[in-house]
Amino acid sequence: MTARPQDDLYMAVNGRWQAQTVIPPEKSVIGADSDLGDNIRERLVQDLRAINDGSMATVDQPLLAAARLFVKADDRQQRNRLGVEPIRARLATLTRLSSFDQWRLALPTLFREDYPLPLSTFVMPDFHDAQVNMLNVSGPDTILPDAAMYAEENADTQAMFDAWSDMARELLHAVGFTDVEADQYVVDALDFDRRAGAVLPTNEEYAVDTNWDHPVAWDDFVEQIKATGLGDALGAVLPVQPEFVNVPTARYVTVLNQLVNQNNFEQWQHMAVIQELITNGTYLSDEMRQLAGAYQRFLAGQPEPTEWHKHAFAVTNSVLAEPIGIYYGRTYFGQAAKADITGLVQELIQQYEVQLRHNTWLSPATRDKAVAKLATMNIKMGYPDHAAAVYAHLYVDPEDDLLTAMVQLVSASRQFRWSTVGQAVDRSEWQMPGHLVNACYDPSMNDITFPAGILQPPFYALDWSRAAKLGGTGATIGHEISHSFDNNGSMFDAHGTMNNWWQDADKVAFDHIVDEVAAQFDGRLYEGTQVNGRLTVSENIADNAGMDVALAVLGDQATPTELQEFFTAYAKSWATKMRPERAKTVLSQDVHAPATLRVNVPVMNFDEWYRAYDVQPSDGEYLEPDKRIVIWDR
């Protein structure tokens with residue numbers, strides 16, 4: 001199936017691929033990025049095996065640990081031989097806690113050794129002083145993909161609960177629980193989940209960065225959840241007690257004493273046992289890892305589990321991705337490409353400055369601060385020069401089983417992160433490893449990261465035309481840069497601190513644009529499911545602004561042929577095929593719109609689109625001039 005670009009750019013470029021490509025049974029989505037990621041993984045799997053057996057020498061200890069962990073995860077025979085034995089001691093730790101008081105006494109150990117708890121921690125820059133790390137304490141994930149679903153349960157949500165319950169029972173049976181015990185555990189876990197889901201943030205709320213900002217004095221936080229003992233226990237395991245803590249799930253924490261107490265402790269205990277099996281079952285036998293992934297496969301409509309070697313590589317990446325990425329960047333990413341793409345980034349930044357200075361609706365005060373933010377933006381291209389400090393603390397014992405190794409790695413990583421609370425933020429750290437096919441902007445760091453993995457076809461090649469480079473990756477670079485000024489990024493200053501540096505009138509004008517972009521996407525269909533324009537608005541703004549600045553760099557004198565090269569490269573980079581079940585789940589969770597819409601909707605806003613293909617009002621990809629949205633004036 002193909003189409004005219006004027007009617008459907010995505011299908012005109014990708015229609016044949018879309019019709020001929022079959023999603024493998026072990027995947028729920030396939031696309032340009034996943035194909036490239038598969039090729040990168042296959043190359044790295046061979047290298048990790050060679051590093052582990054000594055045929056490829058290395059003095060890089062974090063890389064050696066990654067190779068050792070991969071081979072351990074990839075040893076199906078050993079994992080099947082051990083079966084469920086590695087998890088029995090951890091399950092016994094949880095099931096022996098026969099009372100709420102016993103659980104409270106055990107909490108420091110449960111925190112240190114990474115057992116399931118109704119609170120989790122992570123460390124990130126303080127929203128109000130991005131130079132310093134702050135401890136964040138958050139609630140659990142819900143069974144349903146979005147907490148908003150708990151407000152109005154229906155046949156779809158019931159099917160999700162049923163699928164999760166079937167998985168939980170199978171896991172419990174596999175480690176020796178009786179039918180009666182398994183049924184009771186599932187009933188109790190579902191009850192806790194529903195009570196928690198009623199007070200946890202929705203995905204739409206999570207999509208707004210300012211909703212994460214809830215600083216609380218440490219003493220007040222501990223007092224707020226005093227009855228659970230969780231605050232005192234966390235304080236006992238932290239290297240230094242912080243003065244303040246941030247609580248992204250503030251509603252949840254305010255009622256935590258009611259969610260977990262002496263009267264209903266058994267509900268949480270049973271949920272914890274199931275969560276332990278889901279999380280760590282994936283590190284056991286092949287049968288257990290398949291059981292532990294059943295619910296996610298149900299949500300994705302994925303008929304078969306991930307192929308074994310891909311699973312082993314994913315396990316390794318979950319804790320030791322950065323050393324692998326540095327190796328990949330040093331070995332396979334050329335300096336010529338790095339210099340070329342860095343130059344393109346500088347051009348895009350310069351063009352953003354031009355657009356900001358020519359903008360007609362920003363006040364001079366806001367405009368000057370926006371330009372200053374551009375000037376201080378840190379550009380991270382390819383791969384880091386060195387691994388982050390945490391990796392010096394991570395070790396893989398060749399004698400350990402996979403579960404033991406993973407628990408030790410996760411616990412050591414968390415302990416290191418706790419030790420950085422109150423310390424200066426290491427702004428040289430990367431948010432993505434060098435082999436990842438992705439990119440990002442971090443508002444707390446005011447930096448953009450483009451790993452080496454994405455800087456190759458079908459996104460970029462050194463010998464491509466300028467138009468193809470700008471369409472294939474320039475628009476994506478512009479997308480990431482624009483996040484520093486979007487509805488979330490505009491809340492952070494040049495240093496990454498949450499600080500509204502916009503004049504009130506400018507914010508009102510921008511909020512109007514936000515509403516327009518949200519409306520441009522809201523309700524559009526993908527695989528029979530409606531897009532939530534408010535959930536995806538930040539990414540849609542970035543797509544619009546990124547395409548605009550890339551077209552501006554291409555220049556007003558670009559010929560129709562060059563413009564067609566630009567739009568073709570852009571559309572090709574978004575080739576994606578997704579199972580309908582996966583689409584339904586993604587559209588409730590993901591802040592990104594589906595790939596077809598990320599291609600077809602933004603282009604209609606720009607004069608260059610109409611010049612490239614002589615698009616007329618009768619064409620499917622035509623938008624009336626008064627409905628076209630350009631974020632920043634040229």
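Refer to the structure printed above.
Here the structure is a predicted model, which means the values were calculated and not measured.

J.: Before we move on, could you go through the nonpolar core and cite the residues and values that matter?
T.: If you look at the biggest cluster of nonpolar residues, it comprises 180 residues, and the most contacted ones within it are Trp 103, Trp 164, Phe 221, Tyr 252, Leu 320, Phe 567 and Trp 632. Here this core gets 9 residues from one element, more than from any other, and that element is helix α23 (residues 537-554). Ignoring any residue separated from it by four or fewer positions in sequence, one finds Phe 221 in contact with Leu 119, Val 137, Val 216, Gly 231, Val 245, Val 247 and Val 253. Listed in part, the 10 residues of the second largest apolar core include Tyr 526, Val 531, Ala 593 and Leu 597.

J.: Report on the sheet that holds strand β8 (residues 447-451), specifying residues and quantitative values.
T.: Taken in spatial order, the 3 strands make up an open sheet running β6-β8-β7, and their pairing is mixed. Only two strands of the sheet have a single neighbouring strand rather than two, namely β6 (378-382) and β7 (440-442). Adjacent strand axes in the sheet meet at a mean angle of 15° when their direction is disregarded. Judged from the 5 bridges that link them, β6 and β8 form a sheet pairing that is parallel. Within β8, the position partnered with Met 381 by the bridge is Phe 450. Packing against the sheet, helix α18 (residues 335-358) makes contact with β6 and β8, and its axis sits at approximately 150° to β6.

J.: Describe the pattern of salt bridges, listing the residues and the values that go with them.
T.: Under the defined criterion, the tally for this structure stands at 27 salt bridges. Residues Asp 619 and Arg 4 are paired through a salt bridge, measuring 3.4 Å at the closest nitrogen-oxygen approach. Taken together, the residues span a long stretch of sequence, with Asp 619 in the segment after α27 (607-613) and Arg 4 in the segment before α1 (9-20) at a distance of 615 residues. For Asp 619, a relative accessible area of 11% corresponds to the buried category. In this structure, Lys 469 engages Asp 340 in a salt bridge whose closest nitrogen and oxygen atoms are separated by 3.1 Å. Residue Lys 469 is located in helix α21 (residues 466-482), and its partner Asp 340 is located in helix α18; the two are separated by 129 residues in the primary sequence. We classify Lys 469 as buried; its relative accessible area is 12%.

What counts as what
- Residues numbered from 1 in each chain as written.
- Predicted model: local features only at pLDDT ≥ 70, side-chain atom pairs only at ≥ 80, totals over all residues.
- Heavy atoms only, no water.
- Core = buried A, V, L, I, M, F, W, Y, C linked by side-chain atoms within 4.5 Å.
- Buried < 20%, exposed > 50% of the residue type's maximum accessible area, 1.4 Å probe, protein only.
- Helix = DSSP H or I, 4+ residues; strand = E, 2+ residues; numbered from the N terminus.
- Contact = heavy atoms within 4.5 Å.
- Pairing = 2+ DSSP bridges.
- Axes fitted to C-alpha atoms, helices over the stretch in contact; angles between N-to-C directions.
- Salt bridge = Lys/Arg side-chain N within 4 Å of Asp/Glu carboxyl O.

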